[in-house]
Amino acid sequence: MEGTTCSPVSQFPPRMTSAPSAFAPLLVLMAAIAMVGNKRRTSGAGNPLAGKDHLLQLEKNFLANTLEQFVVFLVSTLVLITYLQGEEMRLVPLSAIAFFVGRVLFRVGYGIAYYYRGWGIMINFISQGFIIGLTGYLMFTRGFMFGIAAAVGSPHPPTAAHAEL
């Protein structure tokens, strides 16, 4: 329709449509917080100043590590989505699923014995390494400014030809 304006929501960048896939990693983080709270409630360590925090050590370690991994996942994924185009966006939900599975396996293994966390560590290390490596590759091949221009909504992101200028 001529003369009508589009709402800002309808102009939302298509790359952000994969953002709901980040919900699975957020679920893991929220579950880790809930595990600490539940353990604190059921173990008699309700008062953090009572000196019973040793009863929460596994849950606190899992929460701290999950928060660290979540920050790496979030930042690397946000940078990656500025470089992905079209069908390449399928990598975002896959990386979120890998994060989720890796954290669940890490926690289950950690609950059994510390050395069983390896499967979760391996899945998260490989998937995050892939995301960071792919982002570096796309920065190199598509040009550093390509992702930035796409993120700020430039109608014509620079191409590789612009990077040569």
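The structure under discussion appears in the preceding block.
Position numbers for residues start from 1 in each chain and track the written sequence from start to end. Residue-level local features of this predicted model are given only where pLDDT is at least 70; pairs of side-chain atoms are given and counted only at 80 or more, and the full residue set underlies all totals for whole chains, interfaces and linings. With hydrogens and water excluded, all non-hydrogen atoms of the structure serve as input to the side-chain values.

Asks: Lay out the packing of aromatic side chains in plain terms, naming residues and giving numbers.
Replies: Stacked, tilted and edge-to-face are the three classes applied to pairs of Phe, Tyr and Trp rings, where Trp contributes its six-membered ring and a pair requires centres within 6.5 Å; stacked means planes under 30 degrees apart, edge-to-face means over 60, and tilted covers the rest. Summed over the entire model, instances satisfying the criterion amount to six aromatic pairs. Centroid distance F62 to F106: 6.1 Å. Interplanar angle 20 degrees. Geometry classified as stacked. Of this pair, F62 sits in helix 2 (residues 57–81) while F106 sits in helix 3 (residues 91–112), placing them 44 residues apart in sequence. Exposure remark for F106: the relative accessible area of 3% places this residue in the buried category. Each residue in the set F62, F106 and Y110 is aromatic and connected to the rest through ring pairs, giving one cluster. Here the basic side chain of R103 rests over the ring of F106, its NZ or CZ set 4.4 Å away from the ring centre. Placement of a charge over a ring requires the Lys NZ or Arg CZ to be within 6 Å of the ring centre, with the centre-to-atom vector within 35 degrees of the ring normal. Lying over the aromatic face of Y110, R117 brings its terminal NZ or CZ to 5.1 Å of the ring centre. Helix and strand labels come from DSSP, where a helix needs a run of H or I of at least four residues and a strand needs a run of E of at least two; each type is numbered from the N terminus. Note on classification: 1.4 Å probe, protein chains only; a residue is buried when its accessible area is under 20% of the maximum for its type, exposed when over 50%, partly exposed between these limits.

Asks: Can you lay out the pattern of salt bridges for me, pointing to particular residues and giving the numbers?
Replies: We define a salt bridge as a side-chain nitrogen of Lys or Arg found within 4 Å of a carboxyl oxygen belonging to Asp or Glu. Within this structure, the stated rule accounts for five salt bridges. A salt bridge links E88 to R142, with the shortest nitrogen-to-oxygen separation between them at 2.5 Å. A residue pair is termed long-range when its members are at least 10 positions apart, and E88 in the loop between helix 2 and helix 3 and R142 in helix 4 (residues 118–142) qualify at 54 residues. Here the salt bridges share partners, and the residues they tie into one network are R40, D53 and K60.

Asks: Any chance you could break down the nonpolar core for me, citing the residues and the numbers?
Replies: What is meant by a nonpolar core is a set of buried Ala, Val, Leu, Ile, Met, Phe, Trp, Tyr and Cys residues, joined one to another through side-chain atoms within 4.5 Å. Judged by nonpolar contacts, L80, I81, Y83, L84, M89, V92, I131, L134 and L138 together constitute the single largest core of nine residues. For this core, the secondary-structure elements that each account for two or more residues are helix 2 and helix 4. If you tally residues by element for this core, the top one is helix 4, at three residues. Aside from chain neighbours lying at most four places away, what touches I131 is S76, T77, L80 and S95. Contacts between residues were defined by any pair of non-hydrogen atoms, one from each residue, lying within 4.5 Å.

Asks: Account for the environment of W119, naming residues and giving values.
Replies: With respect to the helices and strands, the residue W119 is situated in helix 4. Look at W119 and you get exposed, because its relative accessible area is 57%. W119 sits 17 residues away from G102 along the chain, and the two C-alpha atoms are 7.1 Å apart.

Asks: Kindly report on the environment of A45, identifying the contributing residues and their values.
Replies: With respect to the helices, strands and loops of the structure, A45 is situated in the loop between helix 1 (23–42) and helix 2. A relative accessible area of 0% means that A45 is categorised as buried. Measuring from C-alpha to C-alpha, the distance between A45 and L55 comes to 7.2 Å, with ten residues separating the pair along the chain. Not counting chain neighbours up to four residues away, the residues in contact with A45 comprise R40, K52, L55 and L56.

It is worth stressing that arrangement in space is one thing and function is another; only the former is reported here.
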